[in-house]
Amino acid sequence: MRDDSAGIESVMADIGTRARAAARLLAQAPSALRHEALLAMAAAVRRAEADILAANAQDVAQAREAGLSAALIDRLVLDEGRIAGIASGIEAVAALPDPVGAVIDAWTRPNGLRIERVRTPLGVIGVIYESRPNVTADAGALCLASGNAVILRGGSDSARSSAAVHRALTSGLQAAGLPEDAIQIVPTADRAAVGEMLKGLGGAIDVIVPRGGRSLVERVQTEARVPVFAHLEGLCHVYIDRAAQLDMARDIAVNAKMRRTGICGSAETLLVDRAVAETHLSPILDALASKGCEIRGSDAVRALYPAANAATDEDFRTEYLDAIISVDLVDGVEGAIDHIETYSSHHTECIVTDDAATADRFMRAIDSAILLHNASTQFADGGEFGMGAEIGIATGKMHARGPVGVEQLTSFNYRVHGTGQLRP
């Protein structure tokens, strides 16, 4: 990546112009051709494993020198398994039904007009992200599969890794005869490039997707002049109901928090029904602590579990992305609902209970993008939803919500077929 700021506006305008031209071609490209390109991209990622690992090793070394947290480094690190997962993710996207041109609905009016609602690409997607080089592949694959061009702006901490993955993606496009400009990566670390993207590049960008920390997402939501698919934080909750099986509750809580602490679906708050605090609280917290998790509890929790550190109100508002969890006792499902609605970022919430009516009450009352019953919050992922991959998790309520996959990266138009009808 270049670090000079000279000519950023001109460079970004050119990227936008080329992306818009590529988007027009992609929207008309046969499904088979985009499918071929996706498979070629996956194969290219596998072939480029050594190149990607070498680039990633440099990024990781730089991150450690800069003192990045263990959670952020975990997001950054690639190994053979993760590279294989990147390639498999592209192949999974390729295996999905093509959304472009799909008829969502159709009906015939009394006058004989036949009306169809048909999926169409959004156009050009701008993706601004930090740390995770796998986003380069996920975003590239999802946008291509949905007939969109994409402009990628990764963080400086993952610049070498993202560039190596991007080279593999463009070789796949070349192999299928599709324009390389369909997947572009911003060639500078200058923050002014982000500003240009948020302005929309003169109308070239149709939507922005930010993936990163609070400061990045807040900037995007504040400055963007185009629509945004985003979530500010993943402040996810697990509620253990009085009708929860202890073994299941313990296992779900540990997995939800500790499987990978640095992802947005990691649980940050554990709520336990006061009715089962005597039987369920200590075994669950002991299991978390044995995995290296710091427990921060309310006064009620510390009265039963003195090993917990004191939790403040701010703790219950914090996305740790680390091996730390806030814990409180609540008065049944209504208490859990009140707590979650007070503190949640509306990303993902879980209830553990064998009472179907209680689970239904929880899911009807809570306004979050993803709600789980008796399953870990770590399933808040497009791949786990069968979407192949995701470009992000949207917590807004317009257009896309939850994992943003190929269908969410389309809009629609109406196609009206007549036989000479005139409006009287």
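Reading the values: rules and limits
Residues numbered from 1 in each chain as written. Predicted model: local features only at pLDDT ≥ 70, side-chain atom pairs only at ≥ 80, totals over all residues. Heavy atoms only, no water. Core = buried A, V, L, I, M, F, W, Y, C linked by side-chain atoms within 4.5 Å. Buried < 20%, exposed > 50% of the residue type's maximum accessible area, 1.4 Å probe, protein only. Contact = heavy atoms within 4.5 Å. Phe/Tyr/Trp six-rings, centres within 6.5 Å; stacked < 30°, edge-to-face > 60°. Helix = DSSP H or I, 4+ residues; strand = E, 2+ residues; numbered from the N terminus. Lys NZ or Arg CZ within 6 Å of the ring centre and 35° of its normal. Pairing = 2+ DSSP bridges. Right-handed = clockwise from strand over helix to strand, strands pointing away. UniProt positions renumbered as here; feature names shortened; annotations may be inferred. Axes fitted to C-alpha atoms, helices over the stretch in contact; angles between N-to-C directions. 1 Å grid on protein atoms, 1.4 Å probe; cavity = no way out; pocket = protein on both sides within 12 Å on 5 of 7 lines; lining within 4 Å. Points joined across faces, edges and corners; volume = space filled by probe spheres on them. Nonpolar A, V, L, I, M, F, W, Y, C, P; charged D, E, K, R; others polar.

(A) Structural detail: the nonpolar core. Formed by 73 residues in total, the largest nonpolar core has its most connected members in Ile90, Val127 and Ile391. Among residues more than four places away in sequence, those in contact with Val127 are Val135, Ala139, Val150, Ile151, Leu152, Arg153, Met197, Val209 and Ile391. Among the nonpolar cores identified, the runner-up in size contains 36 residues, and Val238, Ala253, Val276 and Cys350 belong to it.

(B) Quick peek at the packing of aromatic side chains. What the rule picks out here adds up to four aromatic pairs. Between Trp107 and Tyr414, the ring centres sit 6.4 Å apart and the planes meet at 75 degrees, which makes this aromatic pair edge-to-face. Residue Trp107 is found in strand β1 (residues 103-108), and its partner Tyr414 is found in strand β16 (residues 410-417); the two are separated by 307 residues along the sequence. Under the relative-accessibility criterion, Trp107 is labelled partly exposed at 28%. Looking at Tyr414, the relative accessible area reads 44%, which means it is partly exposed. Where Phe316 meets Tyr343, the ring centres are 5.9 Å apart and the plane angle is 45 degrees; that geometry is what we call tilted. With a gap of 27 residues between them, Phe316 in the loop between β10 (309-310) and β11 (324-330) and Tyr343 in helix α13 (residues 332-343) connect regions that are remote in the sequence. The pair formed by Phe316 and Tyr343 is uniform in burial state, with each residue classed as buried. Three or more aromatic residues joined by ring pairs make a cluster, and in this case those are Trp107, Phe412 and Tyr414. The residue whose ring lies beneath Arg117 is Phe412, and the NZ or CZ to ring-centre distance is 5.6 Å.

(C) Fine view of the pairing of strand β9 (residues 294-297). Covered by surrounding structure in β9 are Ile295 and Gly297 only, the residues Glu294 and Arg296 on the alternate face being uncovered. Pairing of β9 with β11 involves four bridges; the strand directions are parallel. Note that in β11 the partner of Arg296 across the bridge is Ser326. In this structure, β9 lies alongside β10, joined through two bridges in parallel fashion. Residue pairing for β10: Arg296 is matched across the bridge by Asn309. Once you follow β9 into helix α12 (residues 299-304) and on to β10, the crossover reads as right-handed.

(D) Up close: the pairing of strand β3 (residues 124-129). β3 sits mainly inside the fold: six of its six residues count as buried. Neither face of β3 is exposed, since Val124, Gly126 and Ile128 on one face and Ile125, Val127 and Tyr129 on the opposite face are all buried. In terms of strand pairing, β3 meets strand β4 (residues 149-153) through five bridges, oriented parallel. When the bridges of β4 are listed, Val124 appears paired with Ala149. For the segment spanning β3, helix α6 (residues 134-145) and β4, crossover handedness is right-handed.

(E) Expanded view of the UniProt feature "domain: Aldehyde dehydrogenase" (unreviewed entry) in the protein chain. When the UniProt feature table is mapped onto this chain numbering, "domain: Aldehyde dehydrogenase" (unreviewed entry) sits at residues 17-288. For residues 17-288, the end-to-end C-alpha separation is 51 Å, with 52% helix and 17% strand making up the annotated structure.

(F) Region of the structure containing the sheet that holds β4. Spatial strand order, β5-β4-β3-β6: four strands in an open sheet with parallel pairing. Both outer strands of the open sheet, β5 (183-185) and β6 (207-211), are each paired with one neighbouring strand and no more. With strand direction ignored, the average angle separating the axes of adjacent strands in the sheet is 20 degrees. The sheet contact formed by β4 and β5 spans three bridges and is parallel. Within β5, the residue paired with Val150 across the bridge is Ile183. Sheet contacts for helix α9 (residues 214-223): β3 and β6; angle to β6, the most-contacted strand, approximately 165 degrees.

(G) Looking closely at the side chain of His339. Along the polypeptide, His339 turns up in helix α13. Since its relative accessible area comes to 8%, His339 is described here as buried. In this view, His339 contacts His237, Thr269, Leu271, Phe316, Asp328 and Val330; residues no more than four positions away in its chain are not counted.

(H) Quick look at empty space enclosed by the protein. Under the counting rule described, the total for this entry stands at one cavity of 30 Å³ or more. Space inside the largest cavity adds up to approximately 40 Å³. Contributing to the lining of the largest cavity are Val209, Pro210, Arg211, Phe229, Ala230, His231, Gly392, Ile393 and Val404.

(I) Molecular detail of the layout of surface pockets. Estimated volume of the largest pocket: approximately 750 Å³. If you trace the largest pocket, you find 28 residues lining it, with Asn134, Asp138, Arg259, Arg260 and Asp381 closest to the centre. Mapped by element, the contributors of at least two residues to the lining of the largest pocket are α5 (80-94) and α6. Of the residues forming the lining of the largest pocket, the biggest block, five residues, is contributed by α5. For the lining of the largest pocket, the per-class residue count stands at eight nonpolar, ten polar and ten charged. Space inside the second largest pocket adds up to approximately 360 Å³. Top element by residues in the lining of the second largest pocket is α9. It accounts for three residues. Looking at side-chain class alone, the lining of the second largest pocket contains seven nonpolar, six polar and six charged residues.

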